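Structure at a glance
Chain by chain, the residues run as shown.
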Amino acid sequence: MTTPSALPSCTIVGILDDGWPGLPDLARARLAGAACVIGAGRTLELVADFLPPAARRHALDGAFARLPGWIAEAQAAGGRAVVLATGDPLCHGIATTLIDKLGAHAVEVLPAPSTLQLAFARLRLPWQDARLASCHGADAGEWQPDPLQPAPGPAHGLYRIVRAVAEQPLVAAFTSPANGPDRLARALLAAGYGEAGSGEEVRLSVVARLCLADEAVFPRLALAEAAQRRFPEPNVVIVERLPASTHDAPADVAAAPAAHPLPASAPLFGFDDLDYVQRTPEKGLITKLEARALSLARLALRTDSVVWDIGAGAGSVGLEASRLARHGHVWAIEKNAADAANARANARRLRATNYSLVEGKAPAGLEHWPAPDAVFIGGSGGELAELIALVLGRLRPGGRLVMNFVTLENLATATTALAAAGAGWEVTMLSAARSQPILDLHRLAAQNPVWIVTARKEAP
């Protein structure tokens, strides 16, 4: 049990917009005995009339770096600092940062209900299965204003929320004035949500100005509607993926399923070749299912792997890798404009928001990509030896390079380059056959043999 003499030097008090009336007695006592009180300007105003006259007040707005110094000053003077935070300071809040800087022994946390918790209460939604995310920060910019540009990567301010929606049917998000519900709705539309024929709907609920007289709730808006509106601030957002009403589906869905986004119930990988081939300009520009399955196994992906897909073609390997490495990211490059366009269309259909495709010829631009855990080369454009040397230099320790070849010449070039680099490698020849109907019987039709080369970068 913590005694008054052993109280930490800093108390973080969670507060909502109802201010002093909503604080419990213990939080009020800490504020009454504070040597300094720190918080955002609007938060300080909520308690200004109840603070001791001698307490110093520090506004955090634009001065976050000074926070540890203010706390240290109060401690040196024999007093305690109270930091005001919205809601639960341990839920995407300031408490985590302060505990890291000061140590757990130096921090006391007195939380209020999280604004997300209150938002679910206003909507009468259970939230034990919700995924929590945040875009509360600097202006992130629009998600993808130009569909010909690569999809944003992990550095984008909306990335975590968009990925959370891909992985979880119920997501709750903290917003900011710059990154509001309307921008999030536009990002989800750009990522392929909200389109008819996917077997689900995505609805966005906004709860604004919690605990104030003008509190407002906007339940289950369609993404297109939310994208065009501005909402009162501050606010939080709940995103739900719901089964679509059967009458909403267009009549041609069954006839052309590949033209529509896949539902959340789709498999992680192992799609039929026709899912990709019917969207490519030339048949054969795809890694076939059998080779794709073995190549993905050889890549040995983790859920957080960073993957390169060089010579993406229709995107089949990279897109299925993005579903396996759902907490990672796939960076793909394709030199043919028509193939790149089809790969982008496939990415939208799969809602692969952790997949960024660049139209260009490798190795140009690869030096700017993050170091990979796994690299797949399906096409090289005549730069194979140079690509192998570059990849082996960039692979993280323990990473894997997997290459597919159908010609003896490229196989020889690859093994020679690997040997020259001192890399360990192995080759698997995959020769598969598929059943085909012949009259009322079936026969086996052989596919072209594929050499699958696997190289590993050993950990030091």
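For the structure itself, consult the block above.
Analysis parameters
Residues numbered from 1 in each chain as written. Predicted model: local features only at pLDDT ≥ 70, side-chain atom pairs only at ≥ 80, totals over all residues. Heavy atoms only, no water. Helix = DSSP H or I, 4+ residues; strand = E, 2+ residues; numbered from the N terminus. Areas by Shrake-Rupley, 256 points an atom, 1.4 Å probe, with all protein chains shown as cover. Phe/Tyr/Trp six-rings, centres within 6.5 Å; stacked < 30°, edge-to-face > 60°. Buried < 20%, exposed > 50% of the residue type's maximum accessible area, 1.4 Å probe, protein only. Pairing = 2+ DSSP bridges. Axes fitted to C-alpha atoms, helices over the stretch in contact; angles between N-to-C directions. Arc of directions from axis to C-beta. Contact = heavy atoms within 4.5 Å. 1 Å grid on protein atoms, 1.4 Å probe; cavity = no way out; pocket = protein on both sides within 12 Å on 5 of 7 lines; lining within 4 Å. Points joined across faces, edges and corners; volume = space filled by probe spheres on them. Nonpolar A, V, L, I, M, F, W, Y, C, P; charged D, E, K, R; others polar. Polar contact = N/O pair within 3.5 Å; in protein donor to acceptor, adjacent residues only side chain to side chain. Salt bridge = Lys/Arg side-chain N within 4 Å of Asp/Glu carboxyl O. Left-handed = near helix turned anticlockwise from the far one by under 90°. Core = buried A, V, L, I, M, F, W, Y, C linked by side-chain atoms within 4.5 Å.

1. Focus on the overall build of the protein
Within the protein, the secondary structure is distributed over 14 helices and 19 strands. With an accessible surface of roughly 21,400 Å², the protein has 56% of that area assigned to carbon and sulfur atoms.

2. A closer look at the packing of aromatic side chains
Within this structure, the stated rule accounts for six aromatic pairs. Ring geometry for Phe218 and Phe231: centres 5.2 Å apart, planes at 75°, overall edge-to-face. Remark: Phe231 occurs in the loop between α8 (223-227) and β10 (235-243) and Phe218 occurs in strand β9 (residues 216-222); sequence separation between them is 13 residues. Judged by relative accessible area, which is 15%, Phe218 ranks as buried. By relative accessible area, which is 7% here, Phe231 ends up buried. Judged by centre distance (5.4 Å) and plane angle (85°), the ring pair of Trp308 and Trp369 falls under edge-to-face. On the criterion of sequence distance, the pair formed by Trp308 in strand β11 (residues 306-310) and Trp369 in the loop between β13 (355-359) and β14 (374-377) is long-range, its members being 61 residues apart. With respect to burial, Trp308 and Trp369 carry one shared label: buried. An aromatic cluster is defined as three or more aromatic residues linked by ring pairs; in this entry it consists of Trp308, Trp331 and Trp369.

3. Remarks on the sheet that holds strand β3 (residues 56-59)
Pairing between sheet strands relies on hydrogen bonds along the backbone, with the strands arranged either parallel or antiparallel. The five strands lie next to each other as β3-β2-β4-β1-β5, forming an open sheet whose pairing is parallel. Two strands close off the open sheet at either side, each with one partner strand: β3 and β5 (107-110). Here the average twist between neighbouring strands, direction ignored, is 20°. Across three bridges, the pairing between strand β2 (residues 36-39) and strand β4 (residues 81-86) is parallel. For Ile38, the partnering residue across the bridge sits in β4 and is Val83.

4. Examining helix α1 (residues 25-32)
Within α1 the residues assigned to the buried category are Ala27, Arg30 and Leu31. Buried residues of α1, viewed axially, fall in a sector of 100°; they line one side. Contacts made by the buried residues of α1 are with β1 (10-15), β2, α2 (41-47), β4 and β5.

5. Comments concerning the layout of surface pockets
The space that makes up the largest pocket amounts to roughly 1,100 Å³. Taken together, 36 residues form the lining of the largest pocket, with Arg42, Ala85, Thr86, His92 and His136 sitting closest to its centre. Secondary-structure elements contributing two or more residues to the lining of the largest pocket are α2, β4 and β10. Split into classes, the residues belonging to the lining of the largest pocket amount to 16 nonpolar, 14 polar and six charged.

6. Concerning the pairing of β13
Pairing geometry for strand β12 (residues 329-334) and β13, over five bridges, is parallel. Of the residues in β13, the one forming a bridge with Glu334 is Glu359.

7. Focus on the sheet that holds strand β7 (residues 170-174)
Strands sit in the order β6-β7-β10-β8-β9 across an open sheet of five strands; the sheet is mixed. Only two strands of the sheet have a single neighbouring strand rather than two, namely β6 (131-134) and β9. Neighbour-to-neighbour, the strand axes of the sheet open up by a mean angle of 20°, direction not taken into account. Note that β7 and β10 share five bridges and pair antiparallel. Residue pairing for β10: Ala172 is matched across the bridge by Ile238.

8. Concerning the side chain of Asp17
Mapped onto the elements of the fold, Asp17 is located in the loop between β1 and α1. A relative accessible area of 14% places Asp17 in the buried class. A distance of 2.5 Å separates a polar atom in the side chain of Asp17 from a polar atom in the side chain of Arg42. Not counting chain neighbours up to four residues away, the residues in contact with Asp17 comprise Arg42, Leu46, Leu210, Cys211, Leu212 and Pro234.

9. Some remarks on the pattern of salt bridges
Pairing is possible between side chains that carry opposite charge, provided their charged atoms lie close to one another. Tallied over the entire structure, the rule returns 27 salt bridges. Residues Lys361 and Glu383 are paired through a salt bridge, measuring 3.8 Å at the closest nitrogen-oxygen approach. Of this pair, Lys361 sits in the loop between β13 and β14 while Glu383 sits in the loop between β14 and α13 (384-394), and the two are 22 residues apart along the sequence. Among the charged side chains, a salt-bridge network with shared partners connects Asp139, Glu142, Asp182, Arg183, Arg186, Arg230 and Glu233.

10. A look at empty space enclosed by the protein
Inspection of the entire model under this criterion finds one cavity of 30 Å³ or more. Space inside the largest cavity adds up to approximately 30 Å³. Around the largest cavity sit Ser176, Pro177, Gly180, Pro181, Asp182, Arg230, Phe231, Glu233 and Asn235, which together line it. For the lining of the largest cavity, the residue count by class is three nonpolar, three polar and three charged.

11. Quick word on the environment of Ser114
Along the polypeptide, Ser114 turns up in the loop between β5 and α5 (115-123). Classification of Ser114 as buried rests on a relative accessible area of 6%. Separated by 22 residues in sequence, Ser114 and His92 have C-alpha atoms that sit 9.7 Å apart.

12. Quick notes on the packing of α13 against helix α14 (residues 408-420)
In a packed pair of helices, the relevant descriptors are the angle between the two axes and the axis-to-axis distance. At a minimum axis distance of 9 Å, the contact between α13 and α14 shows a crossing angle of 40°. Where α13 crosses over α14, the two elements pack in a sense that is right-handed. Residues Leu384, Ala385, Ile388 and Leu392 of α13 lie in contact with α14, whose contacting residues are Asn410, Thr413, Ala414, Ala417 and Leu418. Taken together, the residues that form the contact of α13 with α14 break down as seven nonpolar, two polar and no charged.

13. Thoughts on the nonpolar core
With 30 residues, the main nonpolar core has Leu188, Leu204 and Val239 as its most contacted residues. Within the residue set of this core, elements represented by two or more residues are α6 (159-167), β7, α7 (181-190), β8 (200-208), β9, α8 and β10. Sorting elements by how many residues they give to this core places α6 first, with five residues. Those residues within four positions of Val239 in sequence are excluded, and the remaining contacts are Val165, Pro169, Leu170, Val171, Leu184, Leu188, Val202, Arg203 and Leu204. Counting 27 residues, the second-largest nonpolar core is a separate cluster that includes Trp369, Val375, Leu387 and Val391.

Geometry only, nothing functional implied.
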